Amino acid sequence: MASLTKQLADTVTQVGVHSAYGEPVETGGTTIMPVATTWYGFGAGEGTGAGGVSEEATQGEGSGGGGGGISIPVGAYVTRDGATRFEPNVVALLVVGAPFVWVAGRALARVIRALKR
């Protein structure tokens, strides 16, 4: 099980920066470096036989593991004529911002309703 954990840790350290910042792309005198936010989650388990009533219950073995991740593109750093600026991904901002606006609107409505009483 320790080797599985080490393999997962090695994979994450190799992938982390490259997932968040892609390789720079040069086109027509402009350099574009994509930026993303990345999350990872991993879990593992192990088991052995536990004391039980029957002989079959005392024999056992187990193992398991899993993981996953998500990467959301947030925009890109664009360098033109020696000036670098961040250009956001509007679609990703809308996807992230829509639930925030909904929650803020609900909270504001409750505050207004409470003040009217």
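Look above for the structure.
Below is a short write-up of the structure.

Definitions and cut-offs
- Residues numbered from 1 in each chain as written.
- Predicted model: local features only at pLDDT ≥ 70, side-chain atom pairs only at ≥ 80, totals over all residues.
- Heavy atoms only, no water.
- Helix = DSSP H or I, 4+ residues; strand = E, 2+ residues; numbered from the N terminus.
- Contact = heavy atoms within 4.5 Å.
- Pairing = 2+ DSSP bridges.
- Axes fitted to C-alpha atoms, helices over the stretch in contact; angles between N-to-C directions.

1. Quick look at the environment of Phe86
Next, step 1: Note that Phe86 resides in strand E4 (residues 83-88).
Next, step 2: Along the primary structure Phe86 and Val35 are separated by 51 residues, whereas in three dimensions their C-alpha atoms are 9.3 Å apart.
Next, step 3: Aside from chain neighbours lying at most four places away, what touches Phe86 is Val35, Val74, Gly75, Ala76 and Tyr77.

2. Some details on the sheet that holds strand E1 (residues 25-27)
Next, step 1: Ordered by their spatial adjacency, four strands build an open sheet running E1-E2-E3-E4, and the pairing between neighbours is antiparallel. Only two strands of the sheet have a single neighbouring strand rather than two, namely E1 and E4. Averaged over all pairs of adjacent strands, the angle between strand axes in this sheet comes to 30 degrees, irrespective of strand direction.
Next, step 2: Bridging between strand E3 (residues 61-80) and E4 involves six bridges; their strand directions are antiparallel. Of the residues in E4, the one forming a bridge with Tyr77 is Phe86.

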